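Coordinate analysis (summary)
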Amino acid sequence: QVQLVESGGGLVQPGGSLRLSCAASGSIFSIDAMAWYRQVSGKQREQVAGITSGGLINYADSVKGRFTISRDNAKNTVYLQMYSLKPEDTAVYYCYADASQGGFEYNYWGQGTQVTVSS
């Protein structure tokens, strides 16, 4: 019943920037953690960045200093600002959320958005 709607993906040259956004909607009582994952064809999906409802943040080592995750709790929206993009950042990026509903925890995924970094 929860939808995660992503936007902002696309094609960018090395060194360029993109900002991804993901808005959660539907039957949500409380959003706990939100995160961004990415997956390259034939490889495992991995977490890029995560943020709790209280603002606790973690990043993958490969993106530290280049990517910034933030959220607007009032809008149930999470953002990923990406700077100094590299070809190895090319992947499908997925939004993720943990939600509390009726005293239980649920996990949700977005549809994925393609980010391609190429000259």
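Report on the accompanying structure.

Below, the discussion takes up the packing of aromatic side chains. Applying the stated rule across the entire model yields three aromatic pairs. An angle of 65° between the planes, with centres 4.9 Å apart, marks the rings of Tyr37 and Trp109 as edge-to-face. In this pair, Tyr37 is assigned in strand β4 (residues 30–39) and Trp109 in strand β10 (residues 104–109), connecting sequence segments 72 residues apart. Connected via pairs of aromatic rings, a cluster forms that spans Tyr37, Tyr96 and Trp109. Lying over the aromatic face of Tyr94, Arg45 brings its terminal NZ or CZ to 3.7 Å of the ring centre. Across from the ring centre of Trp109, 4.7 Å away, lies the NZ or CZ of Arg45, which sits over that ring.

This part takes up the sheet that holds strand β7 (residues 67–72). Within a sheet, neighbouring strands are paired by backbone hydrogen bonds and run either parallel or antiparallel to one another. Strand order across the open sheet formed by four strands is β1-β3-β8-β7, with antiparallel pairing between neighbours. Among the strands making up the open sheet, the edge pair consists of β1 (2–7) and β7. When strand polarity is set aside, the average angle formed by the axes of neighbouring strands in this sheet is 15°. Pairing of strand β3 (residues 18–26) with strand β8 (residues 77–82) involves six bridges; the strand directions are antiparallel. Across the sheet, the residue bridging to Leu20 is Leu80, located in β8.

What counts and how
Residues numbered from 1 in each chain as written. Predicted model: local features only at pLDDT ≥ 70, side-chain atom pairs only at ≥ 80, totals over all residues. Heavy atoms only, no water. Phe/Tyr/Trp six-rings, centres within 6.5 Å; stacked < 30°, edge-to-face > 60°. Helix = DSSP H or I, 4+ residues; strand = E, 2+ residues; numbered from the N terminus. Lys NZ or Arg CZ within 6 Å of the ring centre and 35° of its normal. Pairing = 2+ DSSP bridges. Axes fitted to C-alpha atoms, helices over the stretch in contact; angles between N-to-C directions.

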